[in-house]
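# Structure at a glance
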Amino acid sequence: MTMQGWLRSDGRKGIRNVVAVAYLVECAHHVAREIALPLREEGVHVIGFPGCYPNDYAQRMMEGLCTHPNVGAVLLVSLGCESFNKYGLERVIRASGRPVKTLTIQATGGTRASIAEGRAWVAERKAELDAMPTVEMRVDELVVGTVCGGSDGTSGITGNPAAGRAFDLLVKAGAACIFEETGELIGCEHIMASRAITPALGLVLEESVAKAAKYYATLGYGSFAAGNADGGLSTIEEKSMGAYAKSGASPISGLLKPGDVPPRGGLYLLDVVPDGEVRFGFPNINDNAEIAELIACGAHAVYFVTGRGSVVGSAISPVVKICANPETHRRMSDDMDVNAGRILEGAATLDEVGREIFDLTVGLGRGGRTRSEELGHQEFILTYKSFEPIGPSCLPAVA
């Protein structure tokens with residue numbers, strides 16, 4: 001049950017030791033991508049924020065991502081005239097004990113000079129990280145997230161509840177587990193609230209789903225795509241029942257917002273729908289936005305359950321693909337880590353697949369790699385949002 005991880009100055013341990021190349025405006029994206037390219041398959045990942053207008057949420061997300069336990073060093077790539085608080089971000093990273101450098105394209109001399117300087121710095125840091133010793137890591141030091149995408153009629157029968165069984169095993173072992181998609185829990189909020197460890201937390205959970213429902217009503221849009229209907233789902237409530245199954249059966253210990261790290265082991269709901277009036281469009285424009293938010297909360301790995309099929313991975317933390325539909329798995333087996341569709345065909349039970357997912361997760365801390373990692377997937381996206389800080393009712397276990 002033990003793993004090997006890299007110890008950080010805050011006491012957390014990572015199951016990966018990557019160099020993050022972080023662009024701070026879309027104008028710097030190409031330079032950041034070119035800097036990382038020669039070492040893309042050696043643990044150098046590109047993340048970033050495209051906007052020129054500053055945003056507290058984006059700042060908080062980038063701080064959480066750049067000091068994530070899976071990150072060992074960070075190169076910040078700035079154009080020079082954007083509004084991102086790059087020196088504030090650099091101070092946060094430096095205070096975490098990680099090597100960090102801010103490369104400003106306008107001051108360095110343009111594209112070619114910036115790429116050359118950035119590649120040299122990244123290569124030096126990568127050599128240092130490769131020489132860094134590992135330490136023993138326990139399961140109760142893990143943070144694991146879960147999301148579903150490309151759902152169909154099998155998702156709520158096989159893949160999602162199997163992920164929930166894995167969550168139950170992780171929580172029992174002392175790990176922190178995070179589920180999200182409040183817009184896909186509509187209709188399940190009262191059942192979910194009954195699992196909260198305090199009545200006050202239960203109310204907060206219900207309010208988070210009510211906020212999502214209001215947000216979608218304002219937009220005239222819901223978290224229900226044409227592909228969901230083509231795959232056999234009929235209503236948002238039906239989709240919600242499947243999405244809810246990813247949470248397993250453990251008591252719910254708290255509610256988080258993007259960038260909040262679980263204070264201890266247990267099961268947590270991540271509220272991803274912005275607070276206040278509808279200002280920035282859709283709460284999450286695609287699945288990778290949700291994955292990034294889970295990682296910003298400290299997730300070492302993320303379970304991605306899909307029925308219709310998905311190929312995405314992520315920068316910083318490995319994504320475990322759990323395929324709910326046996327036909328989809330036969331077509332896309334090269335992209336899938338777990339065939340939960342075996343449950344539908346009577347070849348495995350929910351408990352057996354849940355244990356398989358759990359064992360695979362532990363294996364990631366022993367040198368194992370996911371299919372998306374092997375295929376080079378490092379998708380990442382970050383957009384504008386606005387959140388208020390969580391209140392005391394959200395984390396009653398801390399009091």
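Everything below is about the structure printed above this text.
Description of the structure in this document. (Residues numbered from 1 in each chain as written. Predicted model: local features only at pLDDT ≥ 70, side-chain atom pairs only at ≥ 80, totals over all residues. Heavy atoms only, no water.)

Let us look at the overall build of the chain. Of the regular secondary structure elements, the chain holds 14 helices and 14 strands. Its C-alpha radius of gyration of 20 Å places the chain within 12% of the 21 Å reference for a compact globule of 399 residues. With the C-alpha coordinates of the chain rotated into their principal frame, the extents come out at 60 × 45 × 45 Å. Within the chain, the proportion of its 399 residues that are buried is 58%. (Helix = DSSP H or I, 4+ residues; strand = E, 2+ residues; numbered from the N terminus. Rg over C-alpha atoms; globule rule 2.2 N^0.38 Å. Buried < 20%, exposed > 50% of the residue type's maximum accessible area, 1.4 Å probe, protein only.)

Next up on the list: the packing of aromatic side chains. Scanning all chains against the criterion turns up five aromatic pairs. Where Phe280 meets Tyr384, the ring centres are 5.9 Å apart and the plane angle is 25°; that geometry is what we call stacked. Highlighted residues: Phe280 in the loop between strand S11 (266-270) and helix H11 (287-296) and Tyr384 in the segment after helix H14 (371-374), separated in sequence by 104 residues. When its relative accessible area of 24% is taken as the criterion, Tyr384 is described as partly exposed. The ring of Trp121 has Arg125 sitting right over it, with the charged end atom 5.1 Å from the ring centre. (Phe/Tyr/Trp six-rings, centres within 6.5 Å; stacked < 30°, edge-to-face > 60°. Lys NZ or Arg CZ within 6 Å of the ring centre and 35° of its normal.)

This paragraph deals with the side chain of Thr361. With respect to the element layout, Thr361 can be found in helix H13 (residues 350-364). Look past the residues within four positions of Thr361 in its chain and what remains in contact with it is Leu142, Val144 and Tyr303. (Contact = heavy atoms within 4.5 Å.)

Below, the discussion takes up the sheet that holds strand S12 (residues 301-306). Across a sheet, strands are paired by hydrogen bonds formed along the backbone, either parallel or antiparallel in direction. The strand order across the open sheet formed by seven strands is S10-S11-S9-S8-S12-S13-S14, and the pairing between neighbours is parallel. The strands lining the two open edges of the sheet, one partner per strand, are strand S10 (252-256) and strand S14 (338-339). Sheet topology places S10 next to S11; four bridges connect them, and they run parallel. Counted as the bridge partner of Ile252 is Leu267 from S11. Where helix H6 (residues 159-172) meets the sheet, it contacts strand S8 (143-148), strand S9 (176-179), S11, S12 and strand S13 (319-323), and its direction lies at approximately 155° from that of S12. (Pairing = 2+ DSSP bridges. Axes fitted to C-alpha atoms, helices over the stretch in contact; angles between N-to-C directions.)

Moving on, we get to the nonpolar core. It is characteristic of soluble globular proteins that their nonpolar side chains tend to be buried jointly. Core analysis: the largest hydrophobic core is formed by 47 residues, its most contacted members being Leu142, Leu170, Met192, Tyr303 and Ile322. Looking at this core element by element, the count peaks at six residues for H6. (Core = buried A, V, L, I, M, F, W, Y, C linked by side-chain atoms within 4.5 Å.)

Okay, the pairing of strand S3 (residues 18-23) next. Taking burial as the measure, the six residues of S3 include six buried ones, the bulk of the element. Neither face of S3 is exposed, since Val18, Ala20 and Ala22 on one face and Val19, Val21 and Tyr23 on the opposite face are all buried. Two elements, S3 and strand S5 (residues 71-78), share six bridges in a ladder whose sense is parallel. Residue Val18 lies in a different strand from S5, and its bridge partner there is Val71.

This next bit is on a nonpolar patch on the surface. On the surface, a nonpolar cluster with roughly 290 Å² of combined accessible area is contributed by Tyr221, Phe282 and Ile285. Assignment of secondary structure puts Ile285 in the loop between S11 and H11. (Patch = residues over 30% accessible without salt bridge, like charges linked within 9 Å, V, L, I, M, F, W, Y side chains within 5 Å. Areas by Shrake-Rupley, 256 points an atom, 1.4 Å probe, with all protein chains shown as cover. Salt bridge = Lys/Arg side-chain N within 4 Å of Asp/Glu carboxyl O.)

Attention now moves to unusual backbone geometry. In this structure, Glu181 takes a positive phi of about 70° despite not being glycine. Note on placement: Glu181 falls in the loop between S9 and helix H7 (189-193). Residue class for Glu181 comes out buried when judged on its relative accessible area of 2%.

All chains considered together, the criterion is met by zero disulfides. Cysteine Cys188 shares no disulfide, and the gap to the nearest cysteine sulfur, in Cys148, comes to 11 Å. (Disulfide = S-S within 2.5 Å.)

Its 14 residues give H6 an end-to-end C-alpha distance of 20 Å, which sits within 8% of 20 Å, the value for a rise of 1.5 Å per residue. In terms of residue burial, H6 counts as a mostly covered element, since ten of its 14 residues are buried. Inspection of H6 places Gly159, Asn160, Pro161, Ala162, Ala163, Gly164, Ala166, Phe167, Leu170 and Val171 among the buried residues, and these make up the whole buried set. Directly after H6, the chain includes Gly174, whose backbone phi takes a positive value near 100°. (Expected span 1.5 Å × (residues − 1).)

Below, the discussion takes up the environment of Leu269. Counting through the fold element by element, Leu269 comes out in strand S11. Of the residues examined, Leu269 reaches a relative accessible area of 0% and is grouped as buried. Apart from residues lying up to four places away in sequence, Leu269 is in contact with Phe179, Glu180, Thr182, Leu185, Met192, Leu205, Ser208, Gly254, Leu255 and Leu256.

Two elements in contact, helix H2 (residues 56-66) and helix H3 (residues 86-95), have axes whose closest approach is 9 Å; the angle formed by their N-to-C orientations is 30°. One finds that H2 runs roughly parallel with respect to H3. Every pair of crossing elements has a handedness; the one defined by H2 and H3 is right-handed. The residues of H3 that touch H2, namely those facing Gln59, Met62, Glu63 and Cys66, are Gly88, Leu89, Val92 and Ile93. (Parallel < 35°, antiparallel > 145°, perpendicular 65-115°, else oblique. Left-handed = near helix turned anticlockwise from the far one by under 90°.)

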